[in-house]
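These are the residues of each chain, in order.
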Amino acid sequence: MFLALLVCGLVVALVVIGLFVFGLRRRLIQRAGGTFDCSLHWNVPDEPDPSGKGWVYGVARYSGDEIAWFRVFSYAPRPRRTLERSSIVALERRMPEGEEELALLSEMVIQPCMYEGVRLELAMSEDARTGFMAWLEAAPPGQRVNVA
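Residues numbered from 1 in each chain as written. Predicted model: local features only at pLDDT ≥ 70, side-chain atom pairs only at ≥ 80, totals over all residues. Heavy atoms only, no water.

1. Here's the deal with the packing of aromatic side chains
Scanning the entire structure with this criterion turns up five aromatic pairs. With a centroid separation of 5.3 Å and an interplanar angle of 45 degrees, the aromatic rings of Tyr62 and Trp135 are classed as tilted. Note that Tyr62 is positioned in strand β3 (residues 58-63) and Trp135 in helix α3 (residues 126-137), a separation of 73 residues in sequence. You can call Tyr62 partly exposed: its relative accessible area is 24%. In this structure an aromatic cluster arises from ring pairing among Phe36, Tyr62, Phe132 and Trp135. Its guanidinium or amino end placed over the ring of Trp42, Arg81 lies 3.9 Å from that ring's centre, counting from NZ or CZ. (Phe/Tyr/Trp six-rings, centres within 6.5 Å; stacked < 30°, edge-to-face > 60°. Helix = DSSP H or I, 4+ residues; strand = E, 2+ residues; numbered from the N terminus. Buried < 20%, exposed > 50% of the residue type's maximum accessible area, 1.4 Å probe, protein only. Lys NZ or Arg CZ within 6 Å of the ring centre and 35° of its normal.)

2. Here's the deal with the sheet that holds strand β2 (residues 39-42)
Read from one edge to the other, the open sheet built from four strands follows the order β2-β8-β7-β6, with strand pairing classed as antiparallel. Two strands lie at the open edges of the sheet, namely β2 and β6 (88-90), each paired on one side alone. Mean inter-strand twist for the sheet, computed between neighbouring axes without regard to direction, equals 30 degrees. One ladder, built from eight bridges, connects strand β7 (residues 108-115) with strand β8 (residues 118-125); its direction is antiparallel. Residue Gln111 lies in a different strand from β8, and its bridge partner there is Leu122. (Pairing = 2+ DSSP bridges. Axes fitted to C-alpha atoms, helices over the stretch in contact; angles between N-to-C directions.)

So, in structure tokens, the structure goes:
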């Protein structure tokens, strides 16, 4: 009986520690500022797929001329993807369709982009999209603006 209680206590302690580290990681990512909720769909096929598959919930952070994208459900301290401003080509935005609405947070808009020959989509709030487009267009003098 004592052993069963000890094992249960250890399991509960590990879960609590895991959740604490999970929350601490998110706090550290957001501490630098310039973050926004941003789901990512990488390597999108040319034909739209309204099934909602392929979306990964994350947090993006502006970092100079790059956007660092972190998975929310991860313990990794480094970003999963880093997108350089000069390589991002923004395409025409769209609204979620079909089951995508269930896979994404409410009131998200989808910003399709090309990044070094890879088609990707970023889902974010309208305010975050406005900031993203302003960041793209605010490239230093001499760099091209990548808005299609």
